[in-house]
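# Observations on the three-dimensional arrangement
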Amino acid sequence: MTDITADPALDEWRTYDEFAAGIDTYRLPNTGLAGTAFTLTLDDGGSLALRFDEESAHWDGLGASGRDPYDAVRVRDDVVFVNLPLTSREREALTIVFCTSTRRATVVRSRIAAEAVEGTPQVGQDFWAATIDGGEATGEVPGPSRNLIGKRNVYRYSPHHLYEHVYVSSQRYAWQCLEGVQRGHGDMDLSTVWKFADGLYLFCFREFRIAVASVWLHDLGYQLMTTGIFLGLNGDGESEHSRAGGHIYPLGAVAYPDVQPV
């Protein structure tokens, strides 16, 4: 007898480090920020000062300070995605997106909780809109957006990583793996979407089944590319940072006829 209520994929659920291996193959190239320094004023009145050399970022803010490695990608001529996989603070990452022309920025802090709690993603995230000190900020303030609700995209990160996303609401998205070690797996997880600028969306998710979260910057208006990072616990239970990125292939969108999802 076959138990049709069982999900065989659950017995083969991949760890974070297994599915993340090679997921940065099609990522946009890195850029250096040596000599760059600025201070961000956060929307809660706090600040975050950053100073970059060839390999490290000196940072001070959010109640702490440190010197850590960084990874930066110039997504557009005036927009940079930079991640600090913190070594000075265990199980944390800081991700900053900033625009030199508008002086707007966003800051995301990802942190792995000490213990897993049933029904709550173990990796949590905090979000701030910010401005770059030293000049007047222009343009729209980055913030939560519902613009992706109903959209359905495919993401190709490598020859062996192909995923589909469906953006269900302002709090949830559904995914399935079409090609790769997670082929046949899928879920619906917590997500956050912020509009950063025209065609640029910050997309973050926090998984339930395994301890992993990510930060992505989707460019849906210029070159259909996405740049991202992961923070999570690997198969040995140790915290691990990974880079990610690739091509976006829009499949279409639906509009809810009567009521709008939350």
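Shown above is the structure to which this text applies.
Now for a quick tour of the structure. (Residues numbered from 1 in each chain as written. Predicted model: local features only at pLDDT ≥ 70, side-chain atom pairs only at ≥ 80, totals over all residues. Heavy atoms only, no water.)

## A look at the nonpolar core
Leu40, Leu50, Val82, Leu84 and Ile96 are the most contacted members of the largest nonpolar core, which totals 24 residues. Going through the elements one at a time, strand S1 (37-42), strand S2 (47-52), strand S3 (56-61), strand S6 (79-85), strand S7 (92-99), strand S8 (104-112) and strand S9 (123-132) are the ones with two or more residues in this core. The next biggest cluster of nonpolar side chains, apart from the first, holds 23 residues, and it includes Trp13, Tyr155, Trp175 and Ile210. (Core = buried A, V, L, I, M, F, W, Y, C linked by side-chain atoms within 4.5 Å. Buried < 20%, exposed > 50% of the residue type's maximum accessible area, 1.4 Å probe, protein only. Helix = DSSP H or I, 4+ residues; strand = E, 2+ residues; numbered from the N terminus.)

## Brief notes about the side chain of Arg91
Relative to the helices and strands, Arg91 resides in the loop between S6 and S7. Within the buried core, Arg91 has no salt-bridge partner, and the shortest N-O distance to an opposite charge, that of Glu90, equals 5.0 Å. A distance of 2.6 Å separates a polar atom in the side chain of Arg91 from the backbone oxygen of Ala113. Beyond its immediate stretch of four places on either side in the chain, Arg91 contacts Ser110, Arg111, Ile112, Ala113, Ala114, Gln122, Leu231, Leu233 and Ser239. (Lys, Arg positive; Asp, Glu negative; His and termini not counted. Salt bridge = Lys/Arg side-chain N within 4 Å of Asp/Glu carboxyl O. Polar contact = N/O pair within 3.5 Å; in protein donor to acceptor, adjacent residues only side chain to side chain. Contact = heavy atoms within 4.5 Å.)

## A closer look at the environment of Gly228
The topology assignment puts Gly228 in strand S17 (residues 225-233). By relative accessible area, Gly228 is classed as buried at 0%. A C-alpha to C-alpha distance of 20 Å links Gly228 and Ile149, two positions 79 residues apart in sequence. Leave out the neighbours within four places in its chain, and Gly228 touches Arg27, Phe81, Val215, Trp216, Arg243, Ala244 and Gly245.

## Here we look at the pairing of strand S15 (residues 200-206)
Most of S15 sits out of view: 7 of its 7 residues are buried. Burial along S15 is two-sided: the face carrying Leu200, Leu202, Cys204 and Arg206 and the face carrying Tyr201, Phe203 and Phe205 are both buried. Direction of pairing for strand S14 (residues 186-197) relative to S15: antiparallel, over a ladder of 7 bridges. When the bridges of S15 are listed, Ala197 appears paired with Leu200. Where S14 folds back onto S15 in an antiparallel hairpin, the turn is made up of 2 residues, including Gly199, whose phi is positive at roughly 80°. Across 7 bridges, the pairing between S15 and strand S16 (residues 212-219) is antiparallel. Within S16, the position partnered with Tyr201 by the bridge is His218. In this structure, the hairpin formed by S15 and S16 is closed by a connection of 5 residues. (Pairing = 2+ DSSP bridges.)

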